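For reference, the chains in residue letters:
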Amino acid sequence: MGAVTEKEKLRIDKYLWAIRIFKTRSLATEACKAGRIKLNGQNVKASAVVKIGDVYTIQKGPERKVVLVTGLLERRVDAKTAVQFYQDQTPVEETYAFKSVFQAPVLKRDRGTGRPTKKDRREIDDLKTDWWDDEEKE
């Protein structure tokens, strides 16, 4: 259906879009231009040819993924099918580190209480500082 034979050439931006790493092909192209896609530590151009067995490191915001190419896919397909064409080799520590960013404590003030006083502000700053220092120690 959307699989590519070994003789055909497939661009990295098209491949990353097809396996659903990026929402649009232009976002994948921009990531290549910005140096966020790497093959063996080297930046990759959007026109680079994808080969089975290549391992790409993809930086997407705070998230970092390591992807092994197991099959070539030219057209965008559903997520269940797309998973068959790559293997996610992202280290577990990095996956948890990314998710822990969203588990940060949220400081919420009651509506209508006005601006924090100087004392309130110091307490809030101490809370934030304590939490960040605990994270770095782990």
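To start, this report covers the structure provided alongside it. Please read these numbers as outputs of a predicted model, since none were measured by experiment.

The rules we used
- Residues numbered from 1 in each chain as written.
- Predicted model: local features only at pLDDT ≥ 70, side-chain atom pairs only at ≥ 80, totals over all residues.
- Heavy atoms only, no water.
- Salt bridge = Lys/Arg side-chain N within 4 Å of Asp/Glu carboxyl O.
- Buried < 20%, exposed > 50% of the residue type's maximum accessible area, 1.4 Å probe, protein only.
- Helix = DSSP H or I, 4+ residues; strand = E, 2+ residues; numbered from the N terminus.
- Phe/Tyr/Trp six-rings, centres within 6.5 Å; stacked < 30°, edge-to-face > 60°.
- Lys NZ or Arg CZ within 6 Å of the ring centre and 35° of its normal.
- Polar contact = N/O pair within 3.5 Å; in protein donor to acceptor, adjacent residues only side chain to side chain.
- Contact = heavy atoms within 4.5 Å.

1. Overview of the pattern of salt bridges
- For the coordinates displayed, the defined rule picks out 5 salt bridges.
- Arg11 serves as the salt-bridge partner of Asp13, at 3.1 Å between the closest nitrogen and oxygen.
- Residue Asp13 is classed as buried on the basis of its relative accessible area of 1%.
- Between Lys14 and Glu74 there is a salt bridge, with the nearest N and O atoms lying 3.9 Å from each other. Taken together, the residues Lys14 in helix H1 (residues 12-18) and Glu74 in the loop between strand E4 (63-69) and helix H3 (79-82) connect sequence positions 60 residues apart.
- Here Glu74 falls in the partly exposed class, since its relative accessible area comes to 25%.
- Several salt bridges converge on common partners, so that one network encompasses Arg11, Asp13 and Arg25.

2. What about the packing of aromatic side chains?
- The tally for this structure, following the rule as stated, stands at 0 aromatic pairs.
- The ring of Phe22 carries the charged tip of Lys60 above its face, separated from the ring centre by 5.5 Å.

3. Some thoughts on the side chain of Asp13
- Within the secondary structure, Asp13 is located in helix H1.
- Looking at Asp13, its side chain comes within polar contact range of the side chain of Arg11, at 3.1 Å.
- Residues within four places of Asp13 in sequence aside, it is in contact with Arg25, Ala28, Thr29 and Ala46.

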